[in-house]
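Observations on chain architecture
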Amino acid sequence: MPGSADLGRLLAVPAEEAALVLLGCTLSHRAPDGTVTVRLTEVEAYAGEADPASHAWRGRTPRNAVMFGPAAFLYVYLSYGMHFCGNVVVGTEGSAAAVLLRAGDVVEGEDLARARRGPAVRAHALGRGPANLMQALGVDRSHDGAALLAEGPLVLEHHGSVDPARVRTGPRVGVSRAADVPWRFWLDGEPSVSAYRRSPRA
DNA sequence: ACGCCGATTCTC
DNA sequence: AGAATCGGCGTC
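Reference entry: report on the structure contained in this document. Keep in mind that what you see is a predicted model, and the values were worked out from it rather than measured.

About the cut-offs
Residues numbered from 1 in each chain as written. Chains lettered and ligands numbered in written order. Predicted model: local features only at pLDDT ≥ 70, side-chain atom pairs only at ≥ 80, totals over all residues. Heavy atoms only, no water. Helix = DSSP H or I, 4+ residues; strand = E, 2+ residues; numbered from the N terminus. Polar contact = N/O pair within 3.5 Å; in protein donor to acceptor, adjacent residues only side chain to side chain. Contact = heavy atoms within 4.5 Å. Salt bridge = Lys/Arg side-chain N within 4 Å of Asp/Glu carboxyl O. Buried < 20%, exposed > 50% of the residue type's maximum accessible area, 1.4 Å probe, protein only.

1. Side note on the side chain of Arg 116
- The topology assignment puts Arg 116 in helix H3 (residues 110-117).
- There is a polar contact of 3.4 Å between the side chain of Arg 116 and the side chain of Asp 33.
- With residues near it in sequence (within four places) discarded, Arg 116 still touches Ala 31, Asp 33, Val 36, Gln 135, Ala 136, Leu 137 and Gly 138.

2. Some thoughts on the pattern of salt bridges
- Following the criterion strictly, the structure yields ten salt bridges and no others.
- With a closest N to O distance of 3.2 Å, Arg 39 and Glu 190 form a salt bridge. Here the residue Arg 39 occupies a position in strand S2 (residues 34-46), and Glu 190 occupies one in the segment after strand S8 (184-187), the gap between them amounting to 151 residues.
- When its relative accessible area of 15% is taken as the criterion, Glu 190 is described as buried.
- One salt bridge in this structure joins Arg 184 and Glu 42, with 2.7 Å as the shortest N-O distance. Here Arg 184, found in strand S8, pairs with Glu 42, found in strand S2; they are 142 residues apart in sequence, far enough to count as distant. Residues Arg 184 and Glu 42 agree in their burial class; the two are buried.
- Via salt bridges that share partners, Glu 42, Glu 44, Arg 102 and Arg 184 belong to a single interconnected network.

Treat this as a map of the structure, not an account of what it does.
Next comes the structure, spelled out in structure tokens:
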């Protein structure tokens, strides 16, 4: 099992390559009330300033500043004024590339995840959808810029490459610009993978 | 200063 | 199909 230095190197590549590295990785959040760990099953690549669908497309702002930093830090943003979504910053410093974490399977702390998501939520749905995934983990704006491979509450771990035959790709969800690029990646057959919805526009 | 559009999700 | 609701960006 590679150490954190190795994973940091694996993530210092273009977003669509880093996305494949992140599939199957686990992300843990150690909070005062307990630890939740998810295994990533669905991600989306965003290429940075060159990508019309990226938050970094129009350059650096206070919100997206973390994207312009080094790889293996978490970029958290507020979506629609009410949901937090998380990205792993990838590529080289200054590239603003990131991978949106869209879904994951809760492999540790299911009770705590359900306490955060709601008592009626089925196990496979605890981490389904980018905002639901962050809610299950207990991640919010306070974690924007948090290191993922250093001492701290958030830990990202690689467990070897996933079987390439299990990886599926398709258009990114909710994205109207650059909708032709198949930069959504997911593991086939995982119940936690969110149902595909095409962009409301186009 | 004003308005519209989101990398969403849940409910009607 | 609609609502909840905040930040960024274009426009007046």
